[in-house]
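Summary of structural features
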2 protein chains.
Amino acid sequence: MEPGPPGSSRPTEPGPCLSSQQGADQAASASLQSAAGAQPGRHSLAVAAVLPAGGCGERMGVPTPKQFCPILERPLISYTLQALERVYWIKDIVVAVTGENMEVMKSIIQKYQHKRISLVEAGVTRHRSIFNGLKALAEDQLNCKLSKPEIVIVHDAVRPFVEEDTLLKVVTAAKKHGAAGAIRPLVSTVISPSADGCLDHSLERARHRASEMPQAFLFDVIYEAYQQCSDYDLEFGTECLQLALKYCCTKAKLVEGSPDLWKVTYKRDLYAVESIIKEKISQEICVVTDIEEDNKYVSHLLEEVLKSELNHVKVTSEALCHAGRDLQQIILDQCYNFVCVNVMTSDFQETQKLLSMLEESNLSILYPVVVVSVHFLDFKLVPPSQKMESLMLIREFAKEVKKRNIWLCGLLISYPQAEIQPWGWAICDSVCEDSDLDGRVTE
Amino acid sequence: MEPGPPGSSRPTEPGPCLSSQQGADQAASASLQSAAGAQPGRHSLAVAAVLPAGGCGERMGVPTPKQFCPILERPLISYTLQALERVYWIKDIVVAVTGENMEVMKSIIQKYQHKRISLVEAGVTRHRSIFNGLKALAEDQLNCKLSKPEIVIVHDAVRPFVEEDTLLKVVTAAKKHGAAGAIRPLVSTVISPSADGCLDHSLERARHRASEMPQAFLFDVIYEAYQQCSDYDLEFGTECLQLALKYCCTKAKLVEGSPDLWKVTYKRDLYAVESIIKEKISQEICVVTDIEEDNKYVSHLLEEVLKSELNHVKVTSEALCHAGRDLQQIILDQCYNFVCVNVMTSDFQETQKLLSMLEESNLSILYPVVVVSVHFLDFKLVPPSQKMESLMLIREFAKEVKKRNIWLCGLLISYPQAEIQPWGWAICDSVCEDSDLDGRVTE
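Everything numeric here is computed off the predicted structure, so don't read it as measured data.

**Some points on the overall build of chain A**
- In terms of helices and strands, chain A carries 14 helices and 18 strands.
- Out of the 443 residues in chain A, the part that is buried amounts to 57%.
- Within the structure as shown, chain A displays about 18,900 Å² of accessible surface, and the carbon and sulfur contribution to it stands at 51%.

In structure tokens form, the structure reads like this:
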């Protein structure tokens, strides 16, 4: 999952480029290549997505429906919306929510600046919610801004880790076969109980699969299936692919998906989501400094130490000068962790410059941004009371920027007139400790 | 899951007390009642457990087999062993590990003081591993210390959250039916692919279940089944209940289990386990102080503040005096979080007393213990340099006790001569921040 808006793909055409003459695999590959720029002679597809989000999440055991449970203070559904809207060729995303959650949903869309989202009312069952979403896309609504897509994706609000290539595969397969869906191997053996609560028979695990999301359909196929669907199926059915099979004789193509496509169902799944997200946004650290000679030496040293200690993390360093051009690029590429080095000063000018840049960039809207503000103070020159004051000042700053989802942490290093290399390790220790995004002031 | 050794159950008889005249439900209830003491006229069962632990965990995507992956620095399998050995009526636990992991397993048993564990060599498949475990119990081994049980439990090393009542239910049902196993509702629809990778049919989710662990069998039934078992089934089979059905015509009783019985399979599951464990050991905080009048007032205030802020946490307070008798009980009842209050002193006598008691108790062998050492210092009386020294001293202490899995955190509060209630909130904030078991020194 790549957090944030798409890095390399630029919207040129509104749909993925698929040639109907080629096989599905070749088309998928060609589409991935053509994502970077339009290729002539290919037809583009109109694709929309429907997200049933009307469940109450009773298996979770908490009062908040799971799709609204916060992860790093942001509702789960927002991560799913982000994953879909960064796929430029998904033109509309229709979300079905219950009436009582409609306002909450609108405020989520506004706060996290989601785009291309339309809301419809959920039904009492998942199938009914999806049906309402399809109706909104069917263009038989008065004054409806949505246009009918050729392919519609169905995806759950509680599956936040859906990648573009998986979406492209199911869409490509749906174009060819009429329907397609992601599948995963079974983790447990599936059994069939008899009426007396005993084992009747067990299924061969290798011959079955778990049906997951995303799924995709030719719009006309799935809309027809829902229109023909019995009340019983609308009430008790759990499988859209089954509807396409039963009512339109369409056999869905099955596409292998990644483990991260699982559905958040239990409380433990929220913990897992949080950990996966934290891991993703801990991939890069940027060491920032002003251009003074001492600073450059220190930050270079620090960069080397961090690289050797955190070998799974990408470490870069940038200067705050030159209108921060390079730094702007780092921010655009979604680095969420910064170490700002200040030598021989306990003031915060450099850190404040960095914080201003971060606030302007909106980087912290979707994920928390961590800034470790490092200050080297000569032991003999700076009295302890001034150090205390500095610590207090950092704490005040931290409270302020926390409101904007920036986690500021101050590190004051008092050193005698000696080698400063050991302090690189001290910073490194602190950065490692802070890698669980803790905004505490440390000494 | 209750961490630590059993609190209230005392081993009087080696097996659960089941009366063969009663129905399974009544027997289970009677057994739970009799767990506290033997009841006359009831027969006890010899029960052993077999744990296949020979897998390589390839779906995890990390080189360490999942059962040996650390959670809070302790291998996953150790938590499962703990869950089983605290059930006093499981007489033997036979673990099957690969030859190359035999030494690692022995050191885990020694380090975490596991009891009643026997090791056998794993086979190349799960069924073969279980078969090896059963052979060790069958009493046809020379010089074997294990005795043949009447009931054998089969459970996975990677399912750490198994409760005694679930074990009792499957054992009781196995006694009556010959075989029994835990089941869970399906979370995803199960489908059957055709040879061309398309959907052939989907299964009705409500009519099927996921087969989980623990399972239990009359030893003679399952041992016979394995001895009759074809090579094909030993190689490719995934379901012990199926073997009992196929080779012994024994229809297993199915017992509904809790969500926490799931099998750790993917990396995200490790995160989930860690979070569940952390939640369990964060249920209680004990405020500890010496008997000085000021201290008692402060600790009482603190106790009130903590109770109101952390309303899901049990807060108690104890005195360090009287040879800490009451404190000993708190430790025995497995409280893992302590706040030690020192007023008007920056030394560590009280904290050191507490730390000694904790070290003698072995409480931190299985789970990390958190101690927040709080010191109130009068702003005017104590110079900043002394405060710095105090901080450094705490840090040295913390490094030392960390080796024994105790996370020491120091909190120095400088106050003017005023109400100390606000500082209760400051401590509370720190304790809340520390609730993710962070041993950092804070100011």
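**A short note on the relation of the copies chain B and chain A**
- With an RMSD of 0.1 Å, the fit of chain B onto chain A corresponds to turning through 180° and sliding 0.1 Å along the axis. Considering both components of the superposition, the chain copies are consistent with a two-fold axis. Among all residues of chain B, the one whose C-alpha sits closest to the rotation axis is B:A272, at a distance of 2.7 Å.
- Mapped onto chain A, 100% of the interface residues of chain B are again interface residues, and the two copies thus contact each other with one and the same surface.

**Side note on the pattern of salt bridges**
- Summed over all chains, the structure comprises 40 salt bridges over all chains.
- Of the charged contacts in the structure, one is a salt bridge between B:E212 and B:R159, with a shortest N-O distance of 2.5 Å. Taken together, the residues span a long stretch of sequence, with B:E212 in strand β12 (residues 209–218) and B:R159 in the loop between β8 (151–154) and α5 (164–177) at a distance of 53 residues.
- Note on B:E212: relative accessible area 8%, which makes it buried.
- The class for B:R159 is buried, based on a relative accessible area of 2%.
- Put simply, B:K403 and B:E400 hold a salt bridge, and the shortest N to O gap is 3.2 Å.
- For B:K403, a relative accessible area of 64% gives the class exposed.
- Taking relative accessible area as the criterion, B:E400 reaches 37% and is therefore assigned partly exposed.
- Here the salt bridges do not stand alone but share partners, grouping A:R126, A:D156, A:R159 and A:E212 into one network.

**Here we look at the domain arrangement of chain A**
Residues and elements named next belong to chain A.
- If you check the domain split of chain A, you get domain 1 (32–276) and domain 2 (282–428).
- Contacts between domain 1 and domain 2 engage 8 residues on the former and 7 residues on the latter.
- Overall, the association of domain 1 and domain 2 removes approximately 630 Å² of surface from exposure, summing both partners, and the carbon and sulfur fraction of that is 53%.
- Taken together, the links from domain 1 to domain 2 amount to 1 salt bridge.
- Here K402 ties to E73 by a salt bridge, and the two come within 3.6 Å at their closest N and O atoms.
- Here the side of domain 1 that touches domain 2 is built from residues that sort into 3 nonpolar, 2 polar and 3 charged.

**Points about the pairing of strand β17 (residues 369–378) of chain A**
All names here are of chain A.
- The buried fraction of β17 amounts to 10 of the 10 residues, a majority that puts the element mostly inside the structure.
- The side-chain alternation of β17 yields two buried faces, one formed by V369, V371, S373, H375 and L377 and the other by V370, V372, V374, F376 and D378.
- Where strand β16 (residues 337–343) lies against β17, 7 bridges are found, and the strand directions are parallel. Each bridged residue has a counterpart across the sheet, and for V343 the counterpart in β17 is F376.

**Quick word on the packing of helix α4 (residues 126–137) of chain A against helix α6 (residues 219–228) of chain A**
Residue and element names in this part refer to chain A.
- α6 packs onto α4 with a crossing angle of 125° between their chain directions and a minimal axis gap of 10 Å. In terms of their interaxial angle, α4 and α6 are classed as oblique. The chirality of how α4 crosses α6 is left-handed. For the pair formed by α4 and α6, the contact residues are H127, I130, F131, L134, K135 and L137 on the first element and F219, I222, Y223, Y226 and Q227 on the second.
- The residue inventory of the contact of α4 with α6, partitioned by class, reads 8 nonpolar, 2 polar and 1 charged.

**What to know about the interface of chain B and chain A**
- Tallying the contact residues gives 61 residues for chain B and 61 residues for chain A.
- Here chain B packs against chain A, burying approximately 5,500 Å² in sum over the two surfaces, 54% of which is carbon and sulfur.
- Our count for the chain B to chain A interface comes out at 2 salt bridges.
- In this structure, B:E279 and A:K267 form a salt bridge, with 3.1 Å as the shortest nitrogen-oxygen distance.
- Counting the contacts that link chain B with chain A gives 28 residue pairs in polar contact (both at pLDDT 80 or more).
- Those elements that provide at least two residues to the side of chain B that touches chain A are β9 (179–185), β10 (189–193), β11 (199–202), β12, α8 (240–248), β13 (253–256), α9 (267–280) and α13 (384–402) of chain B.
- The leading source of residues in the side of chain B that touches chain A is α9(B), at 7 residues.
- For the side of chain B that touches chain A, a count of residues per class yields 23 nonpolar, 14 polar and 24 charged.
- Both strand β12 (residues 209–218) of chain A and β10(B) contribute to a ladder of 3 bridges, which runs antiparallel. In the sheet register, A:A210 faces β10(B), and the bridge partner there is B:V190.

**What about the side chain of A:K66?**
Residue and element names in this part refer to chain A.
- Tracing the sequence through the fold places K66 in the loop between β3 (47–52) and β4 (70–71).
- Although K66 lies buried, it forms no salt bridge, and the closest oppositely charged side chain, D269, sits 7.2 Å away as judged by the N-O distance.
- A distance of 2.9 Å separates the side chain of K66 from the backbone oxygen of V264, its partner in a polar contact.
- Not counting the four nearest positions on each side in its chain, K66 is found in contact with G57, R59, M60, L76, V158, K263, V264 and T265.

**Details of the packing of aromatic side chains**
All names here are of chain A.
- Applying the stated criterion to the full structure yields 14 aromatic pairs over all chains.
- Cluster of aromatic residues (ring-pair linked, three or more members): F131, F219, Y223 and Y226.
- Between the NZ or CZ atom of R74 and the centre of the ring of Y112, over which it lies, the distance is 5.5 Å.

**Overview of unusual backbone geometry**
- In this model, A:M213 is joined to A:P214 through a cis peptide bond whose omega is 5°.
- Despite not being glycine, B:E73 shows a phi value in the positive range, around 70°.
- Of note, B:E73 is situated in the loop between β4 (70–71) and β5 (74–75).
- Here B:E73 falls in the exposed class, since its relative accessible area comes to 52%.
- The phi angle at B:N362 is positive, at roughly 65°, despite the residue not being glycine.
- With respect to the element layout, B:N362 can be found in the loop between α12 (349–361) and β17 (369–378).

Rules used throughout
Residues numbered from 1 in each chain as written. Chains lettered and ligands numbered in written order. Predicted model: local features only at pLDDT ≥ 70, side-chain atom pairs only at ≥ 80, totals over all residues. Heavy atoms only, no water. Helix = DSSP H or I, 4+ residues; strand = E, 2+ residues; numbered from the N terminus. Buried < 20%, exposed > 50% of the residue type's maximum accessible area, 1.4 Å probe, protein only. Areas by Shrake-Rupley, 256 points an atom, 1.4 Å probe, with all protein chains shown as cover. Least-squares fit on C-alpha atoms with pLDDT ≥ 70 in both. Contact = heavy atoms within 4.5 Å. Salt bridge = Lys/Arg side-chain N within 4 Å of Asp/Glu carboxyl O. Domains from an automatic or database assignment. Buried area = accessible area lost by both parts, 1.4 Å probe. Nonpolar A, V, L, I, M, F, W, Y, C, P; charged D, E, K, R; others polar. Pairing = 2+ DSSP bridges. Axes fitted to C-alpha atoms, helices over the stretch in contact; angles between N-to-C directions. Parallel < 35°, antiparallel > 145°, perpendicular 65-115°, else oblique. Left-handed = near helix turned anticlockwise from the far one by under 90°. Polar contact = N/O pair within 3.5 Å; in protein donor to acceptor, adjacent residues only side chain to side chain. Lys, Arg positive; Asp, Glu negative; His and termini not counted. Phe/Tyr/Trp six-rings, centres within 6.5 Å; stacked < 30°, edge-to-face > 60°. Lys NZ or Arg CZ within 6 Å of the ring centre and 35° of its normal.

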